[in-house]
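# Observations on the model geometry
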Amino acid sequence: MNEPPKILIGFDFGMKRIGVAIGQTITQTARPLITIQAQQGIPNWNTIKTLIQKWLPGALVVGIPLNMDGTDQTISEHARQFAASLREQFKLPVYEMDERLTTKDARERLFEVGGFKALQDGQVDQVAAQLILQNWFAEMSGLDKK
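Here is a short report on the structure shown in this document.

## Here's the deal with unusual backbone geometry
- Of note, Gln-28 is a non-glycine position whose phi angle comes to about 55°, a positive value.
- Inspection of the secondary structure assignment puts Gln-28 in the loop between strand S2 (17-24) and strand S3 (29-39).
- Phi angles above zero are rare outside glycine, and Leu-56 is one such case at about 50°.
- Tracing the chain through its elements places Leu-56 in the loop between helix H1 (45-55) and strand S5 (59-64).

Given below as structure tokens:
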């Protein structure tokens, strides 16, 4: 029996900005939503609460920045703390996703479409969050087929 479609919110964690994307399980697609400003990795929790109340996600996905060899970066622990705070505050499943190269990929995609101007105003963070969610969908659908 198939699960009902779920909305998911994805986060590209950063110490200054946190990109947010929305996706859903039926089409396994995501789209950029918003960029939230952060102070030393601490977001405006009321903004996140408002997003969760509006979209009613079944789960959250947080990108964990890793080095190319899979080891942690300095920011990796901050991202895991952010994921733990989401879990604690909103009582939702929170999945951690390897986010290697998503910011680079997001920059390239935006530049192709709109040049340097497209790389401003937090767009990169939102698109990186979209890619994190889409990668999570791809990984989950790959697990289902095994």
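## Things to note about the sheet that holds S2
- Spatially, six strands are ordered S4-S3-S2-S1-S5-S6 in an open sheet, and the strand pairing comes out mixed. The two strands at the open ends of the sheet, each matched to only one other strand, are strand S4 (42-43) and strand S6 (94-98).
- Relative to S6, S5 runs parallel, the two sharing five bridges. Residue pairing for S6: Val-62 is matched across the bridge by Glu-96.
- Contacts from H1 reach strand S1 (7-12), S2, S3, S4 and S5, with the element oriented near 155° to S3.
- Against the sheet, helix H2 (residues 74-90) contacts S1, S2, S4, S5 and S6, and its axis sits at roughly 170° relative to S5.

About the cut-offs
- Residues numbered from 1 in each chain as written.
- Predicted model: local features only at pLDDT ≥ 70, side-chain atom pairs only at ≥ 80, totals over all residues.
- Heavy atoms only, no water.
- Helix = DSSP H or I, 4+ residues; strand = E, 2+ residues; numbered from the N terminus.
- Pairing = 2+ DSSP bridges.
- Contact = heavy atoms within 4.5 Å.
- Axes fitted to C-alpha atoms, helices over the stretch in contact; angles between N-to-C directions.

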